[in-house]
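Overview (structure and organization)
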Amino acid sequence: MGTGTSANINANTGTTDSLSFNTGEDVFLLATVENFKRGGNHLVGSTTATATFLS
């Protein structure tokens, strides 16, 4: 599979406002012949992304 991509984005305006995003950690799922079939187990992963706005 591909290596994926990530970015941290920060935006500062002409005012004192500030907006920033954090994409969180990578989610890794390993699909195999045994677990990726009809009636097989579910593959689950999670991460937490955030957006912060300071005004």
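The structure presented is a predicted model; accordingly, all values stated were derived computationally and were not measured.

1. Quick word on a nonpolar patch on the surface
Together, Val27, Leu29, Phe36 and Leu43 make up a nonpolar patch on the protein surface, roughly 380 Å² of accessible area in all. Relative to the assigned elements, Leu43 resides in the loop between β2 (18-22) and β3 (50-54). When its relative accessible area of 31% is taken as the criterion, Leu43 is described as partly exposed.

2. A closer look at the confidence of the model for the protein
Mean pLDDT over the protein: 79, with 82% of residues reaching 70 or higher. Predicted confidence in the protein is weakest over strand β1 (residues 9-12), with a mean pLDDT of 70, and strongest over β3, with 87.

3. A word on the side chain of Asn35
Residue position: Asn35 is located in the loop between β2 and β3. Of the polar contacts made by the side chain of Asn35, one reaches the backbone oxygen of Leu30; its length is 3.0 Å. A polar atom in the side chain of Asn35 sits 2.7 Å from the backbone nitrogen of Thr32. Ignoring sequence-local partners within four residues, the contact set of Asn35 consists of Leu30, Asn41 and Leu43.

Procedures and definitions
Residues numbered from 1 in each chain as written. Predicted model: local features only at pLDDT ≥ 70, side-chain atom pairs only at ≥ 80, totals over all residues. Heavy atoms only, no water. Patch = residues over 30% accessible without salt bridge, like charges linked within 9 Å, V, L, I, M, F, W, Y side chains within 5 Å. Areas by Shrake-Rupley, 256 points an atom, 1.4 Å probe, with all protein chains shown as cover. Salt bridge = Lys/Arg side-chain N within 4 Å of Asp/Glu carboxyl O. Helix = DSSP H or I, 4+ residues; strand = E, 2+ residues; numbered from the N terminus. Buried < 20%, exposed > 50% of the residue type's maximum accessible area, 1.4 Å probe, protein only. pLDDT = per-residue confidence, 0-100. Polar contact = N/O pair within 3.5 Å; in protein donor to acceptor, adjacent residues only side chain to side chain. Contact = heavy atoms within 4.5 Å.

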